[in-house]
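The primary structure of each chain is shown beneath.
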Amino acid sequence: MMLKQQEKKREIIDVVARLLSSRKFFYITIVFFVFQAAWIALSGLYPMAFDENTHLGIIRIYANHLSPFWSRQPEGTVVLGAITRDPSYFYHYIMSFPYRLIDDVFRTEMSQVLVLRFISIVFFVCGLLLYRRVLKYSKASDLTVNVVMALLVLTPVVPFLAAQINYDNLIFALCGLIILLTLQISERLNWTYAKSLVPGDNQLEREQSHLKEKRVKVHRKRENCLQPRLVGLGMRELATDPVEQGQIDAKRILLVIIVGLFASIVKYAFLPIFIAVLVWLSFDLKKYGGGAIFRLFVNSFRKIVWPVKTILVILLIIGAGLFTERYGINTLRYHTPTPECDQVLSIEQCLEYGPWRRNYLTHQDKINGKLTVNNASDPISYTLKTWAETMVYKLFFVSNGPASQFWIGNPLPVPLALATGFGIVGVLLALCWQRELRKKYKLGLFGLLTGVYVMVLWGQNYMDFLHIGYPFAIQGRYLLPILPFVYLILVLAMKAQRHTSFALSHCPRSHLNGYKLPSLTQHNYSYASLGLKVFACSVATWHQRLSAKLVRQLKIGLAVTILFILFIQGGGLVTYIVRSDQTWYWPNQTIVNINDTARKILKTFIIGS
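Described below are features of the structure shown in this document. (Residues numbered from 1 in each chain as written. Predicted model: local features only at pLDDT ≥ 70, side-chain atom pairs only at ≥ 80, totals over all residues. Heavy atoms only, no water.)

The next thing to look at is the overall build of the protein chain. When helices and strands are tallied, the protein chain shows 29 helices and 2 strands. Within the protein chain, the proportion of its 609 residues that are buried is 48%. When contacts within the protein chain are restricted to residue pairs at least 6 apart in sequence, those whose partners lie at least 24 apart make up 79%. Summed over its atoms, the accessible surface of the protein chain is roughly 30,200 Å², and 63% of this surface lies on carbon and sulfur atoms. (Helix = DSSP H or I, 4+ residues; strand = E, 2+ residues; numbered from the N terminus. Buried < 20%, exposed > 50% of the residue type's maximum accessible area, 1.4 Å probe, protein only. Contact = heavy atoms within 4.5 Å. Areas by Shrake-Rupley, 256 points an atom, 1.4 Å probe, with all protein chains shown as cover.)

Following the criterion strictly, the structure yields 1 disulfide and no others. Note that Cys 341 is cross-linked by a disulfide to Cys 350, the S-S spacing being 2.1 Å. Here the disulfide of Cys 341 and Cys 350 is left-handed, its torsion about the S-S bond being about -95°. Each member of the pair, Cys 341 as well as Cys 350, is classed as buried. (Disulfide = S-S within 2.5 Å.)

A few words now on helix 18 (residues 354-367). The end-to-end C-alpha separation of helix 18 is 20 Å, in line with the 20 Å expected for 14 residues at 1.5 Å each. Here the buried face of helix 18 lies against helix 16 (341-344), helix 17 (347-350) and helix 22 (444-468). Just downstream of helix 18, Gly 369 is the residue with a positive phi angle, here 75°. (Expected span 1.5 Å × (residues − 1).)

Tyr 91, Leu 128, Ile 179, Phe 485 and Tyr 576 are the most contacted members of the largest nonpolar core, which has 153 residues in total. In terms of residue count, helix 8 (residues 167-195) provides more of this core than any other element does, 13 residues in total. Setting aside anything within four residues of it in sequence, one finds Ile 179 in contact with Tyr 131, Val 134, Leu 445, Leu 449 and Phe 485. Residues Val 78, Cys 341, Leu 345 and Trp 356 belong to the second largest nonpolar core, which totals 6 residues. (Core = buried A, V, L, I, M, F, W, Y, C linked by side-chain atoms within 4.5 Å.)

A ring pair, where both rings are aromatic, is described by two values, the distance of the centres and the angle of the planes. For the structure shown, the criterion picks out 28 aromatic pairs. With centroids separated by 6.1 Å and ring planes inclined at 35°, the aromatic side chains of Tyr 393 and Phe 397 adopt a geometry described as tilted. The ring of Phe 301 is capped by Lys 309, whose NZ or CZ atom sits 5.1 Å from the centre of that ring. (Phe/Tyr/Trp six-rings, centres within 6.5 Å; stacked < 30°, edge-to-face > 60°. Lys NZ or Arg CZ within 6 Å of the ring centre and 35° of its normal.)

Our focus in this paragraph is the side chain of Thr 362. Relative to the helices and strands, Thr 362 is located in helix 18. By relative accessible area, which is 11% here, Thr 362 ends up buried. Within polar-contact distance, the side chain of Thr 362 engages the backbone oxygen of Arg 358 at 2.7 Å. Apart from residues no more than four positions distant in its own chain, Thr 362 is found in contact with Leu 371, Ile 468, Tyr 470 and Phe 472. (Polar contact = N/O pair within 3.5 Å; in protein donor to acceptor, adjacent residues only side chain to side chain.)

Coordinates in, geometry out; function isn't part of it.
Structure below.
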């Protein structure tokens, strides 16, 4: 009887594992995401919280102006900021064309807003499809990637943002596209370069595979040592300079530049990602030597069929021109690529623009001593007590628009507690076993993008805080371009089985046997590293005592449990329904009744609702 029950449990675990690993589960995730975003789009009164009225207002202005350029500020538009020199304008310009079409078909504002909201949902779905392909380059399992994508769409701010007219949705898709192209170029560069050094000999193939896995830089000296050996094997064609055998994908390189140029004028916050991508590719190309890169690029470019070649050149010229017109002229004229409103317009005009007025008046209160001084002004206190806490909070909150003065719907307690615990434990495990993570998975580009983007975002927020005197503009939605990478790293760190041998090899024997704290006199560690070490050794010791099958069952069970709890306790759409009220919805009785009924049902079993 016991054996049958165990076999049945194993069968259930296997079925669940296959489901979580399948493409069907991912497509179910996409359908569920579309359902969530569509519900919010159909329910939410225009304008919603994330500057939806500003985005639609600028779209309407461009709908009456064929050119993306302005000679002067249009009449009555100062409430939207200095749009003539705003570098984040291309989303509004391209969205003005579908708006021109629907303006003649849909006469009511509600119908026009809904059409544009669903276009934004399409942008975000494209981003989800691209990011799944991106995450698979990390060598993580399909199960891990699918769980990461499910966690992403269950983050309350994700469907809430996707349902709005906002340039962040397009940027999410463009980030996924440029990162995917970068990984494809990088993989091909590394593969062709390594392949050119190795003939069909088994021994040398093993050497090549080892070098490729370790991403070892092969220097000219190594190449000269291999050359006589290859000639001796009668393979003179492979004894040539590896550059001759290497391939540079000119089409994808041009696409990376084109996407980067256009995405940078969709939202200026994309610039750090664009720079990080170019730096990554520069290091990959460096191995070929400066003199050969241009020749290989030209050879690859010649192989592109002429219609595609023509389109790429035209897009490159247009993208470079638009990029230069904003960032280049802004830098020359205002000495900054992103000028403030009062550098372009007068202070009186800028006071009509809400975000700038808020910052300006707060800064004036600080100068006049009317603003309460925030004690957490040093970088560490600001980061821990203000920035990180607010970022996490605003990944799990919802907010109404100006109809109720941007009333905040606080995060539900269970998702916030799960996210906090998951994040803390995941970060500690990632720090403990970062060597093993780097060995087993390809996380280099993800780490670079995450580090650069977070550093720039934090720096901008901190400098604004020091200048204004209040921590404005700290929004969890700004993390969306790198949030899939953060979730991936945390999930991989939680999969401790693969890393146990590394952790055990660094644990003192006394700790493994009796959970004793390592002596500071015997081990020269700081208190922080000592704490990480004890934590890692405890997890590793516990892990060692479990069978592989039991560990697998626990991991799958944990993944399913977390996803289920998030789903029923406030993940995704649920937070919006529970925290909203009738002032959040369109003035339509059917919409109000559906949301009220759903809220009553959900509040019967959601903790803290």
